[in-house]
Structures are given as structure tokens and as C-alpha cells.
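As a plain string of letters, each chain reads:
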Amino acid sequence: MPQETISSLVPVFIILIPLLAGVAVFLSGIKVSKVFSREYDGLLDVDGETAPPQGNLLRVGVLLGATLASLILSLSLYPAVKAGLVVVSRIDILPPLGLFLRVDILSFYMVLLFSFFGFILTLYSIGYMKGDTMPQRFFGFLMLVFAGSLGVVLGGDLFSFFLFFEFMSIMYFVLVVHDPKPTAVAAGMKFLFMTIMAGVALFLGTVIVFRETGSMALSETGLFSGVTTYSLIAFIAFMVAFGTKTAMFPLHIWMPDTYTHAPLPAAVVSSAIMLKTGAYGFIRVFYNVFGVEFFQAVRWDDVVLVISLFTIVFGSAIAIAQDDIIRRLAYSGIAQLGYIILGIVILTPTALTGSTFHIMAHAFMKGCLFLCAGSIIMQTGNRSIRLMKGIGYQLPLTMLAFAVAAITAVGMPPFNIFITKWHLSIGALEIGQPVIILFLLVSSMLNAAYYLPIAYHAFLGSEDEAHGGHGYHPEFKRSAFREPTAAMLVPILILMVGCAIFGFFTQNWPLEIVRSVVAMLY
């Protein structure tokens, strides 16, 4: 039954505010010299001196104000969405299709998650990028990526979705190559190549859907009425597009190098926000474009299910061999995104509940781990896991947060990812595939193997090791204390709390929203 809609400009402003903030911050780095020649010089003025503090404070105010405004506007949609209404906005540009924004309960869940993390990660980035020579460029494009990601989940049809998806991806390329080292440029070019491939695939799928069904709406349940050659091509195209964005094997190849060589805040933005646009795309394609009944007839989803299981084990197995903390987190992220894809393609309400909940759970867990890794790198200059034994004496709060997030990744109750794995396991039993549970258990054991020793050795090394034994960085002394600034530490602690706090209430608010999402899709 069609849902009642109301027209509002709130979705427009949710996107427009960070978009304008990004443009303004970027343009603030452009200086006009006395001879009217233009140059982009970031923090530096035309004479090579550091910009005045008031300019930095203004930029910080614009960044935090824009992300906070998007968060507040996103929260303001809750009463309407809770009442079962759909908030829509239509912008008469790009004729004849126009730009259409639509907020149902799934879009609300995603835009609230993105706007929350947009604010948290911007605050962290302000501390982490302090001293960068071109912060206007970095933060300008960070806001543009943020605005694009909000547009993806607010897009009311495949055309609007495609436009924001491409915009977000191209803007992210600039963040990857922010540090113009050859390794960063190479990683950026690999990301750009994969992005172009995903964009072409998404465009192809969108055109086929419109040609075959006469609609691009994301408000229906099953646009295709039958199986055709074109419907198969569209399905493959969507799998390539969203499989690339979620780093599904074998389309994951851009992710480890991108995360390793991009500025760390850019890696966190991808992990907590950008990857989730691919997961969101999977949900919309499986449940809105094709529909459950379609896949029950053709079983194309079985291929994706097998790939997702391999992705889970592959990502975890490769992660355990990585000594660079960022590469370990990157490969672990490949496995974690496999959980989301798995829950979508099992095609039961219970599994979809676990998958959709994991979008939030992974953002908190992996976001916290990445922020902790950034704190370690900034405060010690070290990325090698072998040299992190004893680091808890310098960074006790950071490593406490790392330990909590690591336990969350394993799936221990009452932490968030236990809820994910519980629902995925029940969903596996509902379709008569208990072997899926074995994959989840193996993944959990591998998570424990490559995360928990880091937390253990950070605090509980022997006396010989703590005084410079094998594997310990010589600068890690028990008397040293080197936590990062509040701008970095507060986001870490907030995400640490978010890994578990929802499980201590009688009503798990994110889980209740997810159940409403599943009820709408089924």
C-alpha cells in the first residue's frame, strides 16, 4: 500500500548546507596576489606565512556548524517518519527527470547515521589535520563527500541516486591524493579506475531499469515483472557497482592501498560512511528494484551469497597477516562488509534485520578502531603492530577504546555485532543453511586472533618486554602519557560507548528502527 507523502525542503537543506560549506571552505584557500595571479595555498598566505588564528577558528566554526546543522535537520524528520509518512522534495533541474529526494524509514536511518558520523569525524579530522599545509582543500572536499553521501541515501529514484553516487565518489578521489606522494597518487588512480567502472555499471543498470519498467522509483517493491536478458544484465551491473563500493571480492582491490596512503580521516570517512552507500544500494536493488519474489524465482542471489561468504573469510584471513595497522583494518573491513551483503541476500526478514543493523554496528566499531589507529600514528609515529606492545602506558584511553571495539568486532554480547551475528545465524537456519553459521564462527575466531592480541599486549606485557624487550618500541615507558587532544579523544570515546550502550537499555533504539525498515520492505 502506498505511503502518504508530505512535501518539505528539509531534505534539500540537509544536503545543501554541507555542500555550500565545502565550497566556501575550499574557496577560502584561494588567494589573489597583488598582480591578480591566483594560487591555491591552503594554510599559507601569499608570502608563505601561516594564516591568522581567526581564519582557522572561522573554518572550524563553518565545518562543525554545517555538520551539526545536517544532524539536527535529520533528527527533525523523525516525527514524520515515525508516523508512517514519507517526506519528499522535488527540484526542477536536469530536465526531463529532475532531482527527486525522498525520506522513508530506511532513508532516515541512513541519513541520521551519516549526519552523526559526519559531525564526529569532522571534529576528529580538525585535530588530526592540524598543521596540514592545505586544510581548506582537504576539508572543502570532505564536506563535498559528506554532502554527496547524504544525497545518495536521500535520492528518491535511481537517477538522483546515480548523480549523488558519482559526485561523492569523484570528490573522494581528491581526498585520496591530498598528499601528492607517488604511492598516494597510485592508490588514487586505482580508486578512480574502480570508481569509473562502478559508475558506468550503475548507469547501465539504471538505463535498463528505466527502459524495461518505465520507472526508476525506489518506492516500489519489485519493478521487474519478469525475467529477461536485460534484467540479468541490469542485475550484474548493479552487483559490479555496489560490490565495488562495498569492497566485495574480487572488487575490493582499491581499498587496502587507498586506506593506507590517503590521510587517515579520509579512510575513516570511507569506512563509516561511503562504504555504506554501497550497502544501501544493495538493499534498494534487492528489495525495491527486483523484489524478494523475483529472486525466489530465479535464485541469482545464490551467487552473491557464495561470494559474500568467501569475502568474509578472505578478508579476515588476509587481515591476520598484515603488520601495518591500517592495512589490517582495511582487510578486516572487507570481511565486515561481507556480513552486510550476506544478510541482504539470505532474503529473510531476520537476516535483513541483522544486515541493516550491522550498517550501524560496523560504523561504530570500525570507526572507533580507525580513530584509535590515527591517534597511535599521530602520537607515536608508528604503524607497525609488532612495535605496539606496551603502547597502552602512553595511550591508556585510546587503547581502552581499541580493546572495546576489538571485543565488539569478535561479536561478544552485549556489544552491537553480537546482535548482527545472532540475526544472521537465525536467518541462515530459516533457509536451511546452517553451514553459514560456521563461516560466521570462523570469522569471529579470526577477528579475535588479529585484534585481541593488540589490546592484550598494549597493557599486559611482561616486565622484560615492557623495558625494551622484543617487539616493544623503545620509547614506550610506563611513565609516559601522550593522549591526543580533546578534538581527537572525545570522538574516540563517543564511538567506544556507542559500541555497547544500546545493548544495556530495555529498548534498543537503532534495532527498533531497523525492524521498522524491514517491516516496510517486506
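Scroll up to find the structure.
Report on the accompanying structure. Numbering of residues starts from 1 in each chain and follows the order in which that chain's sequence is written. Only residues with pLDDT of 70 or above have their local features reported here, since the model is predicted, and side-chain atom pairs are shown and tallied only from 80 upward, although totals for entire chains, interfaces and linings are computed over all residues. Hydrogens are left out, water is left out, and the side-chain values use all remaining heavy atoms of the structure.

## What about the pattern of salt bridges?
Condition: Should a side-chain nitrogen of Lys or Arg be within 4 Å of a carboxyl oxygen of Asp or Glu, the pair is scored as a salt bridge. Under the DSSP-based scheme used, a helix requires at least four consecutive residues in state H or I and a strand at least two consecutive residues in state E, with every element numbered from the N terminus. The cut-offs for exposure are 20% and 50% of the maximum accessible area for each residue type, with area from a 1.4 Å probe on protein chains only; residues under the lower value are buried, those over the upper are exposed, and the others partly exposed.
Evaluation of the coordinates by the stated rule reveals ten salt bridges. Of the charged contacts, one joins Arg 327 and Asp 257 as a salt bridge, the two residues approaching to 3.0 Å between their closest N and O atoms. Of this pair, Arg 327 sits in helix H13 (residues 325–346) while Asp 257 sits in helix H9 (residues 255–261), and the two are 70 residues apart along the sequence. Residue classification places Arg 327 among the buried residues on the basis of a relative accessible area of 19%. Overall, the relative accessible area of 21% leaves Asp 257 in the partly exposed class. Arg 299 serves as the salt-bridge partner of Asp 301, at 3.2 Å between the closest nitrogen and oxygen. Judged by relative accessible area, Arg 299 falls into the partly exposed class, the value being 36%. Through salt bridges with shared partners, a single network forms among Arg 102, Asp 104 and Arg 284.

## Digging into the sheet that holds strand E4 (residues 86–91)
What counts here: Only when DSSP finds a minimum of two bridges between them are two strands counted as paired. All axes here are fitted lines through C-alpha atoms, helices being fitted over the stretch that makes contact, and every angle between N-to-C directions spans 0 to 180 degrees.
Spatially, E1-E4-E5 is the arrangement adopted by the three strands of the open sheet, whose pairing is mixed. Each edge of the sheet is formed by a strand with only one pairing partner; in this case those strands are strand E1 (5–7) and strand E5 (99–103). Strand after strand, the sheet turns through a mean of 30 degrees between neighbouring axes, direction not considered.

## Looking at the packing of aromatic side chains
In plain terms, the rule: Here is the rule: rings of Phe, Tyr and Trp (six-membered ring for Trp) pair when centre to centre is within 6.5 Å. Planes less than 30 degrees apart are stacked, more than 60 are edge-to-face, and the remainder are tilted.
Under the criterion given, the structure shown has 39 aromatic pairs. Considering the side-chain rings of Phe 235 and Trp 300, the 5.4 Å spacing of their centres and the 40 degrees angle between planes classify their relative orientation as tilted. Placement of Phe 235 in helix H8 (residues 229–245) and of Trp 300 in the loop between helix H11 (292–298) and helix H12 (301–319) is noted, with a sequence separation of 65 residues between them.

## A closer look at helix H16 (residues 416–430)
This is how it is decided: Here the expected length of a helix is defined as 1.5 Å per residue gap, with one fewer gap than residues. Note on definitions: a residue-residue contact is assigned when non-hydrogen atoms from the two residues lie within 4.5 Å.
When the terminal C-alpha atoms of H16 are compared, their 22 Å separation across 15 residues agrees well with the 21 Å that a helix rising 1.5 Å per residue should span. Taken together, the buried positions of H16 are occupied by Asn 416, Ile 417, Ile 419, Thr 420, Lys 421, His 423, Leu 424, Ser 425, Gly 427 and Ala 428. On its buried side, H16 packs onto H13, helix H14 (349–380), helix H15 (396–410), helix H17 (435–459), helix H19 (486–498) and helix H20 (509–521). With its phi angle positive at about 70 degrees, Gly 432 sits one or two positions after the end of H16.

## Thoughts on the nonpolar core
Note that soluble globular proteins tend to have their nonpolar side chains buried in a common cluster. As a reminder, the rule being used: Throughout this description, the term nonpolar core refers to a set of buried Ala, Val, Leu, Ile, Met, Phe, Trp, Tyr and Cys residues connected via side-chain atoms within 4.5 Å.
Core analysis: the largest hydrophobic core is formed by 177 residues, its most contacted members being Phe 238, Tyr 259, Phe 286, Phe 290 and Ile 325. Considering every element that reaches this core, the biggest residue donor is helix H10 (residues 264–290), with 18 residues. Discounting chain neighbours no more than four positions away, the residues touching Phe 238 are Leu 158, Leu 202, Gly 205, Thr 206, Val 209, Gly 243, Val 285, Val 289 and Phe 290.

## Here we look at the environment of Val 12
Within the secondary structure, Val 12 is located in helix H1 (residues 10–27). Setting aside chain neighbours within four positions, we find Val 12 in contact with Ser 89, Ile 91 and Leu 101.

## Looking at the packing of helix H4 (residues 105–128) against H10
Stated formally: Oblique is the label for any angle not under 35 degrees, not over 145, and not in the 65 to 115 range, which are roughly parallel, roughly antiparallel and roughly perpendicular in turn. Ten residue types, Ala, Val, Leu, Ile, Met, Phe, Trp, Tyr, Cys and Pro, are classed as nonpolar, four, Asp, Glu, Lys and Arg, as charged, and the remainder, Gly among them, as polar.
Look at H4 against H10: their axes get within 9 Å of each other, and the N-to-C directions meet at 170 degrees. Judged by the angle between their axes, H4 and H10 are roughly antiparallel. Note on element contacts: H10 touches H4 through Leu 264, Pro 265, Val 268, Val 269, Ala 272, Ile 273, Lys 276, Thr 277, Tyr 280, Ile 283 and Arg 284, opposite Leu 106, Ser 107, Met 110, Phe 114, Phe 117, Gly 118, Leu 121, Tyr 124, Ser 125 and Tyr 128. Split into classes, the residues belonging to the contact of H4 with H10 amount to 15 nonpolar, four polar and two charged.

## Some thoughts on the environment of Gly 243
Relative to the helices and strands, Gly 243 is located in helix H8. Along the primary structure Gly 243 and Met 412 are separated by 169 residues, whereas in three dimensions their C-alpha atoms are 28 Å apart. If sequence neighbours within four positions are ignored, Gly 243 has contacts with Phe 238, Met 248, Leu 251 and Phe 282.

## Points about the environment of Ala 272
Its place among the elements puts Ala 272 in helix H10. Ala 272 sits 151 residues away from Leu 121 along the chain, and the two C-alpha atoms are 9.1 Å apart. Ala 272 has contacts with Phe 114, Phe 117, Leu 121 and Ala 363, leaving out every residue within four places of it along the chain.

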